[in-house]
Amino acid sequence: MEITQLQLDALREIGNVGSGHAATALSTLLQRRIDMSVPEAWAVPFEQVTSIVGQLDTPQAVIYVKVEGEASGKAVFFFPVESAEIVVKALFGTNETMDLYNEMAQSALKEVGNILVSSFIMALTQFSGIPLQPSVPALAVDMIGATLDAIFLEEGVLEDTVLFIDTQLTGIPKIEGQFIFLPDDGSLKKLLGAMGV
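Keep in mind it's a predicted model, so treat the numbers as computed, not measured. (Residues numbered from 1 in each chain as written. Predicted model: local features only at pLDDT ≥ 70, side-chain atom pairs only at ≥ 80, totals over all residues. Heavy atoms only, no water.)

**Student:** Kindly report on helix H6 (residues 187–194), identifying the contributing residues and their values.
**Tutor:** Regarding H6, the residues found buried are Ser 187, Leu 188, Leu 191 and Leu 192. The buried residues of H6 occupy an angular sector of 125° when projected down its axis, which confines them to one face. The outward face of H6, more than 90 degrees from its buried face, is lined by the exposed residues Lys 189 and Gly 193. Next to the buried residues of H6 lie helix H1 (5–30), helix H4 (103–128), strand S5 (132–134), strand S7 (161–170) and strand S8 (175–183). (Buried < 20%, exposed > 50% of the residue type's maximum accessible area, 1.4 Å probe, protein only. Helix = DSSP H or I, 4+ residues; strand = E, 2+ residues; numbered from the N terminus. Arc of directions from axis to C-beta. Contact = heavy atoms within 4.5 Å.)

**Student:** Pulling in residues and values, what's your account of the nonpolar core?
**Tutor:** Phe 79, Leu 109 and Phe 179 are the most contacted members of the largest nonpolar core, which totals 53 residues. Ranked by residue count, the leading element in this core is H4, at ten residues. Beyond its immediate chain neighbours, meaning those up to four positions away, Phe 79 contacts Gln 60, Ala 61, Ile 63, Ala 84, Val 87, Leu 109, Val 112, Leu 116, Ile 175 and Glu 176. Counting 15 residues, the second largest nonpolar core, distinct from the first, contains Val 49, Leu 158, Val 162 and Leu 182. (Core = buried A, V, L, I, M, F, W, Y, C linked by side-chain atoms within 4.5 Å.)

**Student:** For the confidence of the model for the protein chain, give the residues involved together with the corresponding values.
**Tutor:** For any part of a model where pLDDT is low, the fine detail of the predicted coordinates should not be relied upon. Residue-level pLDDT values for the protein chain average 85, and 98% of them are 70 or greater. For the protein chain, helix H2 (residues 49–52) is the element with the lowest average pLDDT, namely 75, and S5 is the one with the highest, namely 92. (pLDDT = per-residue confidence, 0-100.)

Set out below in structure tokens:
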């Protein structure tokens, strides 16, 4: 599906609203001011996903939720390991490096990931008027390629276009991540149509 510049601008605005929701929730969770910006949003053909997320043998913390509703799909948030470690340290108020495979660290990352992903899903709902519900988040700290393979192999037919939203958090040492929405077949057209773009 071809995406116009107007539609991309709408997606960037959704990213900005979602990041605002996420920053507010994270500020409450971390008890400090957190700002979040969206420097870039774009749509790419499905086959280019792996080239955008980086080296497939690079470990990342990946939060994944299924999105249910009239415009269903899969939502994924990628955290570079360094960013994930910074988030966990901030949550536990420590300067000690924490093992991301530790149960407490994983629970904390799931909570943060849930906030981030749900904030973007809420923004999609807000702009489109189509109610969307995220599932309970799953977390993997693994090589990107292995994680994506597991997500792609799940049942369902995906759209041939994927939405990417880059994010940057400030308020704790700069944290970067990527939000990806993999719409089920037909979902992207419904969302953009509902938004009137």
